[in-house]
Amino acid sequence: MNQSICPFPKFFPSQLDKNHLFYMQHAYNEAINAWNQNEVPIGAVIRHHDEIISSAHNQTRGQKDPTAHAEMIAITMAAKRIGDWRLNDCTLYVTKEPCPMCAGATVMARIRKIHFSFEDPKMGGLGGATSLHSLELSNHKPKISVGIMRQESMKLVQAFFQLQRSSNTDN
């Protein structure tokens, strides 16, 4: 696909109201950064108490690394930031349901809460295709919430792939 500038505008969340929408808007802005780098537009933010301690977007194409998903990068950055692999007091915000690799990483990192915008019935690891967060014998079961900025995040991903498909047929 030829690189194109994302046609969707970024959000400018107010620091005065740090609610779930505030953090998801930051994740959405990361997804736009991904688009602008010709990456699948997925963004992630990790919150510790009321502070964003990491934010990332997909970088699999640029890094030539199949593990360079937004969630994986954000988890690594958050662990370095707080100096511990256990992210017990952290919340992950991501614009699309994490895949099984990323869902497994959230469980292993002991992230307490995960909010994602929309489900992925084909490859989602937190209820879409499988439910890694609810493995019977697992000691850690993060709380899951779905739907913050559902329409905006879904439209962003769909538009990206539609553009990619149309670029491939033009060649």
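Residues numbered from 1 in each chain as written. Predicted model: local features only at pLDDT ≥ 70, side-chain atom pairs only at ≥ 80, totals over all residues. Heavy atoms only, no water.

## With respect to the overall build of the protein chain
Then, number 1: Helix and strand content of the protein chain: 5 helices and 5 strands.
Then, number 2: Going residue by residue from the N terminus, the α and β elements of the protein chain occur as α-β-β-α-α-β-α-β-β-α.
Then, number 3: The globule rule puts the C-alpha radius of gyration for 171 residues at 16 Å, and the 15 Å found for the protein chain is close to it.
Then, number 4: A burial count over the protein chain gives 45% of its 171 residues as buried. (Helix = DSSP H or I, 4+ residues; strand = E, 2+ residues; numbered from the N terminus. Rg over C-alpha atoms; globule rule 2.2 N^0.38 Å. Buried < 20%, exposed > 50% of the residue type's maximum accessible area, 1.4 Å probe, protein only.)

## As for the side chain of Arg 47
Then, number 1: As for its position among the elements, Arg 47 is in strand S1 (residues 43–48).
Then, number 2: Buried within the structure, Arg 47 lacks any salt-bridge partner; Asp 50 is the closest side chain of opposite charge, at an N-O distance of 4.5 Å.
Then, number 3: Here His 49 takes part through its backbone oxygen, which lies 2.7 Å from a polar atom of the side chain of Arg 47.
Then, number 4: A polar side-chain atom of Arg 47 sits 2.7 Å from a polar atom in the side chain of Tyr 93.
Then, number 5: Setting aside residues no more than four positions away along its own chain, Arg 47 makes contact with His 20, Tyr 23, Ile 52, Asp 89, Cys 90, Thr 91 and Tyr 93. (Lys, Arg positive; Asp, Glu negative; His and termini not counted. Salt bridge = Lys/Arg side-chain N within 4 Å of Asp/Glu carboxyl O. Polar contact = N/O pair within 3.5 Å; in protein donor to acceptor, adjacent residues only side chain to side chain. Contact = heavy atoms within 4.5 Å.)

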